[in-house]
Each structure stands twice: as structure tokens, then as C-alpha cells.
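Summary of structural features
Here is what each chain is made of, one letter per residue.
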Amino acid sequence: GKQGENIAVDYLRRRGFEIITRNFRKPYGEIDVIAKDPLGAVRFVEVKTVSCEMPGEFVSRETKYGVVPHGTSHRPEDNVHPAKLRKLARVEQVYISAYKIEKWQFDVVTVLLDLPNKVAKAALLEDVIL
């Protein structure tokens, strides 16, 4: 989790984003990263990380269903499920209201950690519909 978030933050900074805050928490949910993009829009970013313990085998650390069976392809974005989106939307609305944000969107940064090769790959999925 934390390692994936650190990689995601570095990835966003390299793309010109300014990090406003991390782990914005309310009792009913948390937003991993809140950032401002190069055009000034606020981005609410959910970070999803999947690690590879053995060559070619990715296992999610966050899935509620436990370990993904050997040989199964599991993408990080598969962990952004409807219940999670409802919680995120509620936390976003609180932030938007408190800080009077006019231009914003929800994004997901996916991180694939290849532990045996010590390589990480990040991707930005922009403007995900809540």
C-alpha cells in the first residue's frame, strides 16, 4: 500500500502535478492523494497496487477475495469496486464543499510492482466516473 502510494506520488510529480495532501481521511472513507494538475484542476486519486511475487504472477494485496489463483491475471483497477466508489464520492464531496473546488476529477493510479526484478510501472486512468 504505502510503497505503491509513494510510487504513484513520484509518478504524478513527474507529470507536473502538485501534491496537495495524502491520505485525506474521514470516518467513512479516505482519498489516497489529492493533487493539482498542470492546468489547475484538483485531482482526487485512488492508488491501486498489485505486486508480482514470482515472475509473471501478479497477486493483489488489496482484494477482499484473498490471493488470486496462480496464473490468473489480476489488474489493480479491478479493486476499484462500487462500494469503494461510493465512499470516495462522499469524501470528495466534503473536500469540494470545504475548499470550494470548482474544477476537479477522480482518477486512479495503478501500480504494478515486479518484486523479483525490482521494477515498478505506474499508469494514470483519468476522469473515472463515480
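Our subject is the structure listed above.
Calculation rules
Residues numbered from 1 in each chain as written. Predicted model: local features only at pLDDT ≥ 70, side-chain atom pairs only at ≥ 80, totals over all residues. Heavy atoms only, no water. Helix = DSSP H or I, 4+ residues; strand = E, 2+ residues; numbered from the N terminus. Expected span 1.5 Å × (residues − 1). Buried < 20%, exposed > 50% of the residue type's maximum accessible area, 1.4 Å probe, protein only. Arc of directions from axis to C-beta. Lys, Arg positive; Asp, Glu negative; His and termini not counted. Salt bridge = Lys/Arg side-chain N within 4 Å of Asp/Glu carboxyl O. Contact = heavy atoms within 4.5 Å. Polar contact = N/O pair within 3.5 Å; in protein donor to acceptor, adjacent residues only side chain to side chain.

1. Structural notes on helix 1 (residues 2–14)
With 13 residues, helix 1 should cover 18 Å at 1.5 Å per step; its first-to-last C-alpha distance of 18 Å lies within 8% of that length. Along helix 1, the residues classified as buried are G4, E5, A8, V9, Y11 and L12. The arc that holds the buried residues of helix 1, viewed along the axis, is 160°, so those residues lie on one side. Facing away from the buried surface of helix 1 by more than 90 degrees, the exposed residues are K2 and R14.

2. Observations concerning the side chain of D114
Here D114 shows up in strand 5 (residues 104–114). One buried charged side chain, D114, makes no salt bridge at all; its nearest oppositely charged neighbour is K121, positioned 7.0 Å away.

3. Focus on the environment of K118
With respect to the helices and strands, the residue K118 is situated in the loop between strand 5 and strand 6 (119–125). Taking the C-alpha atoms as reference, K118 lies 9.8 Å from C52; in sequence the two are 66 residues apart.

4. Observations regarding unusual backbone geometry
Positive phi, normally seen in glycine, also occurs at K100, with a value near 50°. Along the chain, K100 falls in the loop between helix 2 (82–99) and strand 5. Judged by its relative accessible area of 66%, K100 is exposed. The phi torsion at D127 lies on the positive side, around 55°, for a residue other than glycine. Locating D127 in the fold gives a position in the segment after strand 6.

5. Some details on the environment of E5
Tracing the sequence through the fold places E5 in helix 1. Considered as a pair, E5 and V111 are 106 residues apart in the sequence and their alpha carbons are 8.4 Å apart. Beyond its immediate stretch of four places on either side in the chain, E5 contacts R22, N23, D32 and V47. Separated by 3.2 Å, the side chains of E5 and N23 make a polar contact.

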